[in-house]
Amino acid sequence: MTFFLIIAAVLWGIGWLTGAPTRARWAMIGVLYLAVLIALFVLPEGHALRASLGGSLGEWLLIGVGAVIIVAYRAGLAALRNKAQPEPQTAEPQSEGTFRPAELDRYMRHILLREIGGPGQKKLKEAKVLVIGAGGLGAPVLEYLAASGVGVIGVIDPDVVEASNLQRQVIHTDAQLGVPKVFSAAEAMRAQNPFVEVLPYHRVFDESSMDMVADYDLVLDGTDNFDTRYLVNRACVTHRKPLIAAAITQWEGQISTYKPHENGPCYQCVFPERPADGMVPSCAEAGVAAPLPGVLGTMMAMEAVKELTGAGQGLMGRLVIHDALYAETRNITVKKRADCPICGG
């Protein structure tokens, strides 16, 4: 018996040092136990190994039966505890514009804010927001829009979750590798807040997608390429929808709100021409600090809440540049261009 305990302790220690899960360590000890039973069954009486194990085959079988009873008891107890847990909240149908008691409790910290209050929270509940991109910027945007109680949240992205995304795209998990980002994000958002409706679109935002902008009150662009940014801007100008757009690279990010229908600049007013290839490397090429998209994405969500509720002063006419490496933030005034090919004239 002592020999068995020593080997079992060694196996457990090896599992602990290598970071093996607890189940795997117990599995190794189970294999060791089976090996003991086989040895006792096949080895003759008086064999040195059999003597070192101690006890008869019947005694070892009795130990195994006892272990099975303990495991079965623990499993049954866990099942009873799970059964006793209250049912998770579900978003049962209700009349539009009203709040359930559970929602009032959930959003109370918003309702207490003078600038938002009950009317502002009602605006959030009735709002429809389209988020383009479920990556680094989209992850915190989607999480906070869902948490804030935005009624309908659309998300469009063509990509699937990859291991390299998990360093910064915090809405996705290791278990979602290979899953389309929009479905991974939608699952996380519904788990976070069952009272919001999530509409995932697993596709590229292209010319055929421009008309979907008309169905939403606000668009947030967190994409990582200029072609899509210009196309999203054109769609928002066409359908007279406000656009909150941000971009990041390495240690720096920038954000602004574009509302040319209210005499503010559009995205192309501020960035008239697409940079030459190689001038602005992507995150995949140049790298990015993990918390940076969280900072800019959270700012996007904050501006969205302000835009929808009318709280405070938005970023129309201002471009905010955040340098995370030196903890500096600058504001640049930007204006509508009369000669802009998208919103000018």
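Check the entry above for the structure.
An account of the accompanying structure is given in this report. Please read these numbers as outputs of a predicted model, since none were measured by experiment.

Before going further, it helps to examine helix H9 (residues 181-192). Taking 1.5 Å as the rise per residue, H9 with 12 residues should run 16 Å; its terminal C-alpha atoms sit 16 Å apart, in good agreement. Every buried residue belonging to H9 is among Lys181, Val182, Ser184, Ala185, Ala186 and Met189, and all of these are buried. As for H9, its buried residues are in contact with helix H8 (138-148), strand E2 (152-156) and strand E3 (197-201).

Following both chains from N to C, one finds helix H7 (residues 117-126) and helix H13 (residues 292-309) inclined at 105°, their axes separated by 9 Å at the closest point. The pairing of H7 with H13 is recorded here as roughly perpendicular in orientation. Residues Gly120, Lys123 and Leu124 of H7 form the contact with H13, whose participating residues are Val305, Leu308 and Thr309. Classifying every residue of the contact of H7 with H13 by side-chain character gives three nonpolar, two polar and one charged.

With phi around 70°, asparagine 263 is a residue other than glycine that occupies positive phi space. With respect to the helices, strands and loops of the structure, asparagine 263 is situated in the loop between strand E6 (252-258) and helix H11 (267-270). The exposed category is assigned to asparagine 263, whose relative accessible area is 63%. You will see that alanine 327, though not glycine, has its phi angle at about 55°, which is positive. By the element assignment, alanine 327 lies in the loop between strand E7 (318-323) and strand E8 (328-333). Residue alanine 327 is classed as exposed on the basis of its relative accessible area, which comes to 65%.

Let us look at the environment of methionine 299. When you line up the elements, methionine 299 lands in helix H13. Between the alpha carbons of methionine 299 and leucine 137 there is a distance of 9.7 Å; along the sequence they are 162 residues apart. Setting aside its immediate chain neighbours within four residues, methionine 299 contacts Ile255 and Val320.

All right, on to the pairing of E3 then. Relative to E3, E2 runs parallel, the two being bridged by five bridges. Across the sheet, residue glycine 154 finds its bridge partner in E3, namely leucine 199. The handedness of the E2 to E3 crossover, carried by H9, is right-handed.

This part is about the pairing of E2. The buried fraction of E2 is high, at five of five residues. Side-chain alternation along E2 places Val152, Gly154 and Ile156 on one buried face and Ile153 and Val155 on a second face that is also buried. Summarising the sheet, strand E1 (residues 128-132) and E2 pair through five bridges and their orientation is parallel. Its bridge partner being in E2, lysine 128 is matched across the sheet by valine 152. For the handedness criterion, the β-α-β arrangement of E1, H8 and E2 is classed as right-handed.

Definitions and cut-offs
- Throughout, a residue's number is its position along its own chain's written sequence, starting from 1.
- Confidence filtering applies because this is a predicted model: local features only for residues at pLDDT of at least 70, side-chain atom pairs given and counted only at 80 or more, and all residues used for totals across whole chains, interfaces and linings.
- Excluded from the side-chain calculation are hydrogens and water; included are all heavy atoms of the structure.
- Elements are defined by DSSP. Helices are runs of H or I of four residues or more, strands are runs of E of two residues or more, and each kind is numbered from the N terminus.
- Expected helix span is given by 1.5 Å per residue-to-residue step, counting one fewer step than there are residues.
- Three labels apply to residues, based on accessible area from a 1.4 Å probe with only protein chains included: buried if under 20% of the type maximum, exposed if over 50%, partly exposed otherwise in between.
- Only heavy atoms matter for contacts: two residues are in contact if any of them lie within 4.5 Å across the pair.
- In this description, a line fitted to the C-alpha atoms serves as the axis of each element, helices being fitted only across the stretch in contact, and the angle between N-to-C directions of two axes falls anywhere from 0 to 180 degrees.
- Comment on the angle field: the value is read as roughly parallel under 35 degrees, roughly antiparallel over 145, roughly perpendicular from 65 to 115, and oblique elsewhere.
- Residues are grouped as follows: Ala, Val, Leu, Ile, Met, Phe, Trp, Tyr, Cys and Pro are nonpolar; Asp, Glu, Lys and Arg are charged; all remaining types, including Gly, are polar.
- The pairing criterion is simple: DSSP has to find at least two bridges between the two strands.
- Here, the term right-handed applies to a crossover whose path from the first strand over the helix to the second runs clockwise when the strands point away from the viewer.

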